[in-house]
Amino acid sequence: MPEWIVAPLLVLSATLRVATPLVLCAMGGLFSERSGIIDVGLEGKMLAAAFAAAAAAAVTDSAWVGLAAGIAIAALLALLHGFACITQRADQVVSGVAINIVVAGLTVVFGIAWFQQGGQTPPLPPEARFMPIAWLGGHNLIVAAALLGVPLSHWAIMRTRFGLRLRAVGDVPLAVDAAGVSVAWLRYRAVLICGVFTGVAGTYLSIAQNAGFSRDMTAGQGYIALAALIVGKWRALPAFGACLAFGLLDAIAIRLQGTRIAVVGEIPVQLIQVLPYALTVILLAGFIGKAVAPRAIGVPYEKTP
Amino acid sequence: MAAARRRPLPIWVDAGLLPVVNVLLALSVAGLIVLAAGVDPIDAVRVMLVGAFGSEEAVGYTLYYATNFVFTGLAVALAFHAGLFNIGGEGQAYLGGLGAGLVALGFDRILPAAILIPLAVAAAAGFGAAWAAIPGYLQAYRGSHIVVTTIMFNFIAAALMVYLLVNVLIAPGSMSPESREIGAVAQLPALHVLLRGIGLTVAPSPLNLSAVWAALCCVAVWLFLWRTPRGYELRVLGHNADAARYAGIDVGRTTVLALCLSGALAGFVGVNEILGVQHRLILDFAAGYGFGGIAVALIGRNHPAGVALASILFGALYQGGAELAFDFPSITRDMVVVIQGLVILFSGALANLVRPWLEAAIAPFVRDARGVDAIAEES
Amino acid sequence: MPPPPVIELRAIDKWFGAVHANRGVSLAIARGTITGIIGENGAGKSTLMNILYGLVEADGGQILVDGAPVRLRRPADAIAHGIGMVHQHFLLVDRLTVLENVALGAEAAPLLGRALRAARVELARLERDYGLEVDPDAPVGALPIGAQQRVEILKALYRGARVLILDEPTAVLTPQETDRLFRILRSLKAGGVTVILITHKLREIMAATDTVVVMRRGEVVAERATAATDREALAELMVGRKVRLALDKAPAVPGPPALVVERLGLRDRRGVAVLDDVDLALNAGEIVGIAGVSGNGQSELLEVLAGMRAPTAGRITIGARIITRHAPADPAEMRALGVAHVPEDRRRFGLVAPFEARESAVLGYQRRAPFSRRGWLDPAALSRHCRALMTHFDVRPPIPTVPSAGLSGGNQQKLILAREIAPAPRVLLVGQPTRGIDIGAIEFIHRRLLALRDAGCAILMVSVELDEIMALADRILVMAGGRIAGVVAGADADERRLGLMMTAS
């Protein structure tokens, strides 16, 4: 095939590969934030899941056990965040940040204690990973799952009873409460769904995209996913588009690494590394999100009759 | 920051007992983790305590680390008073160090210490402030979520430092990414040297003059927040942005001001590290102080006095943690990061977990003296 | 044997902390009646109804529905027993349609397609039967307030409510819309629904109810057949003493104009004109009242005049300063020009709740001497000032260091008023001066406003309470749809006339 077809296809393929964790986190964050719970902890849950999945896969040589472990850990952390925000009515941003920090340290502490490899898990054999599948265009199962997750999330939020109540509880929780539906239970379910999504995202990072866990491997992607969600105005399809945009940028940037530009000379590798973060800031700057956010987001629910 | 409506506890409980209980909870959980990593927690505590306070040198190190926590803790606390969560302390600290280092490297052959050092300190403040001003501006005028932008700026700062140290500032002929040493005229004297000058002998440690600067900053922040009209306006904004508008307070400008001051304070970490200890520009000198600042501010209830006390605690954790990592190879300094996170979790997110027990425990000793009408009025 | 009352409350007790909000309240409501529960703010009527609706659980006592004791722990329990409630602040999700709002929580199926189809049919039937027409597919946020209230009623009926509680339903309605509401209530009564109306408006009790229950300080003090009592008797029962329903007012002696508004316009972010071509002149020594149902531009007018928003058209002249869209003023400048502002929502704008009273006492004036000198704030000066304010306006407790949130609503309002009046402003803007305040404080505040007027201040007062406007204002401007719909001299005003102007748009 001619170069001008192959190159874009490769870029598209790379985009999907890079965007998958973003898409998964964004969909998870979508449920949580639409219910009114800010989730800055996407990063931490993803990192914890990455570690758990890699550790479990290394010990059992099974990718599916790894996936289960990843989802379990992320769900547990999601419950913790939920407990702090819903039952304890804490500051939701502080809770998310706390969990991120604990996870960042804990994954290394346990990594060293259990595997003695400076924080990494041992490299994984193919049977312990999600390997590329030919008829999926060389992508693995999780990429496909992420792509399916987008319309599924959209449908769940817009076309089901649960979704209607979810949207309502993020705007006017008192209305939901007065209608006889438990605000707390709705939000716990939303937060748990977020846990499942981030669990899959973390699992993807350590046992699908790569062959093991290394410290801080999420590198801020959880925050970028949150930014994509904000830019996408808390709706599934636009958020997905934003995630693809980030993925595309990353994919192009990786190809550009090492090339020379006429006047400037060789593009520094740090500039390439910085691009996703800079783009996040630029997108957030160009966009005024406050007007469209779920109205009750970030406000702990307390009955004030 | 959203705070739930609660029946008020007496101040000595709210500001004293409750934070202590929360820290103890965090440390207990940390103890469990240490146990899971195969180390006896009691042993670990003993090693940490001795490591932090067991000798003059240890105390010196503890206070040196505490100095950095004071700077980032004040930074976070001041921003919290304006209702803003500044997570960018680490990036602002890097930029502050860059500023101080650039001035020192640029002028150490030209200017005398009496001019150079204040200039370098001012540069640290300026660079730190500038790095916080951009997210601040974006939050104030574009509504960009400050938590996301400051974290992005942390990543960008780290990359910037690597680029500069590897490509621009690297000492000629050096293999590792660091600059040449700054001239003696730009170096802050160590406290043990100063004390020797007045006849007191203490063991050498990195503790330097910037510790005095940290103490001064505590006082300055207190004065600013509670004894100036701008500090008043900042606190109004933090409690109630609508009331701020009503009072004619420029919300945008006050937000940016708060973050600039916050960034400047965080930037002073660079004064301690670059001018006081490392005497050259290096990588990663601010690692962990950003998040530690959040923990310190939370335990210290955002008050400069509390920040100072909490900083000593965290300095002890850092120094004790280094000893711990030395004695037990299966525990690294990452354990300190875990403790920081747990403290933030228990003092920030789960701060009111034990409140019902505390309220019950002290109820027999305290009468609710609040006006009865006040509680009845719901409208 | 006569049928048991549809609702019976026996010895209901409720404590909020140290406050005894309901003291052994016993009440029986007969089926198919319209019962009014009246009382001042803080009398405990809202608490009682929240207990009946399961939002709050009583500490003691019993609730019986149709003669059988029930336990109402959550709204779901109340709904299951056929009790519905329309709250004072509507619990509607603006983003969702009428249909979705009505079905929320009572959806017939897990998938919305089916659930909403079923709901649509039932909704149409209810609308027909009770005269509650609303477009089911309109987003609730786009509906006028009267229509939103009908959606709230439909929500309750959709869930099979046979007892409907309405909490202060007419706070946001014009007199004509209020009449329409009462017609709906009568048609509900004809359909066998029992109605309980909570209100503090004596006029409505007399017009709409069969029975009146008077509450005071957490207790039921009287139960009367509406036909057998009158407003004066009810007012006396509400307060516990004879109440003067009108004030002695000397005629105004207006001076030169202190603030002139010409062709003022304001468009919101969507381009909708919330203020349109407003002309008004505020003269010294005069009280101008702005009447109108809330939501017709009065709040925005106050915000523009206070400098919190810039006009998009027209101008405001005060002294030598002309404020236009291109030369806007901010609240600090307006204060410097001698314009003081008592905000409509005192807890949101007027105070900083966690601050000590002395810090709230300088809100907006923090940079002035003697509070600030050469860049330093003087806490002793703040205390002195606060103590003076508290003494002159009888704020209790008169302690400058008490937290602002620790003052009752009436005392907070007195402190705010004292703060704004202290610098002897040329112009005072006041929004809802006595909202949520007990009668004693209301009289005090009204007398102070009159005294201020007599001292030469130009006062602009916005209020939804027609009684208050008619009692205090020398001139009344009625606002509807963002415009001035009519001007009436204070002496010539009556409700009918004002009510008609309020509906013009």
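Reading guide: rules and limits
- Residues numbered from 1 in each chain as written.
- Chains lettered and ligands numbered in written order.
- Predicted model: local features only at pLDDT ≥ 70, side-chain atom pairs only at ≥ 80, totals over all residues.
- Helix = DSSP H or I, 4+ residues; strand = E, 2+ residues; numbered from the N terminus.
- Rg over C-alpha atoms; globule rule 2.2 N^0.38 Å.
- Buried ≥ 20, exposed ≤ 12 C-beta atoms within 10 Å, placed from the backbone.
- Contact = placed C-beta atoms within 7 Å.
- Nonpolar A, V, L, I, M, F, W, Y, C, P; charged D, E, K, R; others polar.
- Pairing = 2+ DSSP bridges.
- Domains from an automatic or database assignment.
- Axes fitted to C-alpha atoms, helices over the stretch in contact; angles between N-to-C directions.
- Parallel < 35°, antiparallel > 145°, perpendicular 65-115°, else oblique.
- Left-handed = near helix turned anticlockwise from the far one by under 90°.
- pLDDT = per-residue confidence, 0-100.
- Core = buried A, V, L, I, M, F, W, Y, C linked by C-beta atoms within 7 Å.

J.: Give a description of the overall build of chain C that names residues and reports values.
T.: In terms of helices and strands, chain C carries 17 helices and 22 strands. Relative to the globule expectation of 23 Å for 505 residues, the C-alpha radius of gyration of chain C, 24 Å, shows essentially globular dimensions. On the principal axes, the C-alpha backbone points of chain C span a range of 75 × 45 × 45 Å. Counting all 505 residues of chain C, 50% fall into the buried class.

J.: Could you give an account of the overall build of chain A, with specific residues and numbers?
T.: The helix and strand inventory of chain A stands at eleven helices and two strands. Along chain A, helices and strands appear, N-terminal first, in the series α-α-α-α-α-α-α-α-α-α-β-β-α. Against the 2.2 N^0.38 benchmark of 19 Å for 305 residues, chain A shows a C-alpha radius of gyration of 20 Å, consistent with a compact globule. Dimensions of chain A along its principal axes, counting C-alpha atoms only, are 65 × 45 × 35 Å. Counting the 305 residues in chain A, one finds 58% classified as buried. Within chain A, contacts between residues separated by at least 24 positions form 77% of all contacts whose residues are at least 6 apart in sequence.

J.: For the interface of chain A and chain B, give the residues involved together with the corresponding values.
T.: Each side of the interface is counted separately: chain A has 42 residues, and chain B has 45 residues. Only helix H4 (92–115), helix H9 (221–231) and helix H11 (269–285) of chain A provide two or more residues apiece to the side of chain A that touches chain B. In terms of residues, the side of chain A that touches chain B owes the most to one element, H4 of chain A, which gives 14 residues. Across the side of chain A that touches chain B, the residue classes break down as 29 nonpolar, nine polar and four charged.

J.: Lay out unusual backbone geometry in plain terms, naming residues and giving numbers.
T.: Residues and elements named next belong to chain C. The omega torsion across Ala 369 and Pro 370 is 0°, close enough to zero to call that bond cis. Positionally, Pro 370 belongs in the loop between helix H12 (357–360) and strand S17 (372–373). In this model, Gln 432 sits at a positive phi of 45°, which is unusual for a non-glycine residue. Following the sequence through the fold, Gln 432 ends up in the loop between strand S19 (427–431) and helix H15 (439–454). With 23 C-beta atoms packed within 10 Å, Gln 432 lands in the buried category.

J.: Residue-level account of the pairing of strand S14 (residues 313–318) of chain C, with values.
T.: All names here are of chain C. Sheet topology places strand S11 (residues 257–267) next to S14; four bridges connect them, and they run antiparallel. In the strand pairing of S14, Gly 265 is matched with Ala 313. Where S14 and strand S15 (residues 321–323) come together, three bridges link them in antiparallel fashion. Bridge pairing links Ile 318 to Arg 321 in S15. The turn linking S14 back onto S15 is made up of two residues, and Gly 319 within it adopts a positive phi angle of 65°.

J.: Any chance you could break down the environment of Ile 193 of chain A for me, citing the residues and the numbers?
T.: Residues and elements named next belong to chain A. Inspection of the secondary structure puts Ile 193 in helix H8 (residues 183–209). Assessed through the 22 C-beta atoms surrounding it within 10 Å, Ile 193 is described here as buried. In sequence terms Ile 193 and Gly 232 are 39 residues apart; their C-alpha atoms lie 19 Å from each other. Ignoring sequence-local partners within four residues, the contact set of Ile 193 consists of Gly 28 and Phe 31.

J.: So what about the domain arrangement of chain C? Which residues, and what values?
T.: Residues and elements named next belong to chain C. Domain annotation of chain C identifies domain 1 (7–239), domain 2 (253–300 + 315–338 + 426–505) and domain 3 (346–424). On the domain 2 side, the residues contacting the eleven residues of domain 1 number twelve residues. Considered class by class, the residues forming the side of domain 1 that touches domain 2 number six nonpolar, four polar and one charged.

J.: Mind laying out the packing of helix H1 (residues 3–34) of chain A against H9 of chain A, listing which residues take part and the relevant values?
T.: Residues and elements named next belong to chain A. For the pair H1 and H9, the least separation of the axes is 8 Å and the interaxial angle reads 60°. Relative to H9, the element H1 lies oblique. Considering the relative orientation of H1 and H9, their crossing is right-handed. Seen from H1, the contacting residues are Pro 21, Leu 22, Cys 25, Ala 26, Gly 29, Leu 30 and Glu 33; seen from H9, they are Gln 221, Gly 222, Ile 224, Ala 225, Leu 226, Ala 228 and Leu 229. Taken together, the residues of the contact of H1 with H9 break down into ten nonpolar, three polar and one charged.

J.: Describe in detail the confidence of the model for chain A, supporting the description with residues and values.
T.: In the predicted model, chain A carries a mean pLDDT of 89, and 94% of its residues have values of at least 70. Put simply, strand S1 (residues 260–261) of chain A is where chain A has its lowest mean pLDDT, 64, and H8 of chain A is where it has its highest, 96.

J.: Describe in detail helix H9 (residues 229–239) of chain B, supporting the description with residues and values.
T.: The buried fraction of H9 of chain B amounts to nine of the eleven residues, a majority that puts the element mostly inside the structure. Listed in full, the buried residues belonging to H9 of chain B are Arg 230, Gly 231, Tyr 232, Glu 233, Leu 234, Arg 235, Val 236, Leu 237 and Gly 238 of chain B. Where H9 of chain B is buried, its residues meet helix H3 (56–81), helix H8 (210–227), helix H10 (241–246) and helix H11 (251–278) of chain B together with strand S18 (376–377) of chain C.

J.: Run through the nonpolar core, naming residues and quoting values.
T.: In this structure, Ala 26, Val 109, Ala 228 and Cys 243 of chain A together with Leu 74 and Ala 120 of chain B are the most contacted members of the largest nonpolar core, which totals 409 residues. Here this core takes 17 residues from H3 of chain B, the largest share from any one element. If we ignore the near neighbours within four places in the chain, the residues touching Cys 243 of chain A are Ala 19, Leu 22, Val 23, Ala 26, Ala 225 and Ala 228 of chain A.

J.: Quick rundown of the sheet that holds strand S22 (residues 483–489) of chain C? Include the residues and the values.
T.: The pairing of strands in a sheet happens through backbone hydrogen bonds and is either parallel or antiparallel. All names here are of chain C. Read across the open sheet, the six strands follow the order S16-S19-S20-S13-S21-S22; overall the sheet is mixed. With one partner strand each, in any of the chains shown, strand S16 (339–342) and S22 form the two edges of the open sheet. Across the sheet, the mean angle separating the axes of adjacent strands is 20° when strand polarity is ignored. Sheet strands in contact with helix H9 (residues 298–306) are strand S13 (286–291), S16, S19, strand S20 (458–462) and strand S21 (475–480), and its direction is about 150° off that of S19.

J.: Pulling in residues and values, what's your account of the pairing of S11 of chain C?
T.: Residues and elements named next belong to chain C. With seven bridges connecting them, S11 and strand S12 (residues 273–283) associate as antiparallel partners. Of the residues in S12, the one forming a bridge with Arg 267 is Ala 273. Connecting S11 to the next strand, S12, in antiparallel fashion are five residues, including Gly 271 with a positive phi near 90°.

J.: Give me the lowdown on the sheet that holds strand S7 (residues 163–167) of chain C, citing residues and values where you can.
T.: Residues and elements named next belong to chain C. Pairing within the open sheet is mixed, and its six strands lie in the order S6-S7-S8-S3-S9-S10. Sheet topology places strand S6 (83–86) and strand S10 (219–225) at the edges, where each strand pairs with a single neighbour. Geometrically, the sheet is characterised by an average inter-axis angle of 20° between neighbouring strands, direction not taken into account. Running at roughly 170° to S6, helix H5 (residues 145–158) makes contact with S6 and S7 of the sheet. Contacts between helix H6 (residues 175–190) and the sheet are confined to strand S3 (34–38), S7 and strand S8 (194–199), with S8 contributing the most and set at about 150° to the helix.

J.: How would you sum up the packing of helix H5 (residues 113–142) of chain B against H11 of chain B? Please name residues and give values.
T.: Residues and elements named next belong to chain B. In contact at an axis separation of 6 Å, H5 and H11 are set at 145° when each is read in the N-to-C sense. Between H5 and H11 lies a crossing of right-handed hand. Residues of the contact of H5 with H11, tallied by class, amount to 22 nonpolar, nine polar and no charged.

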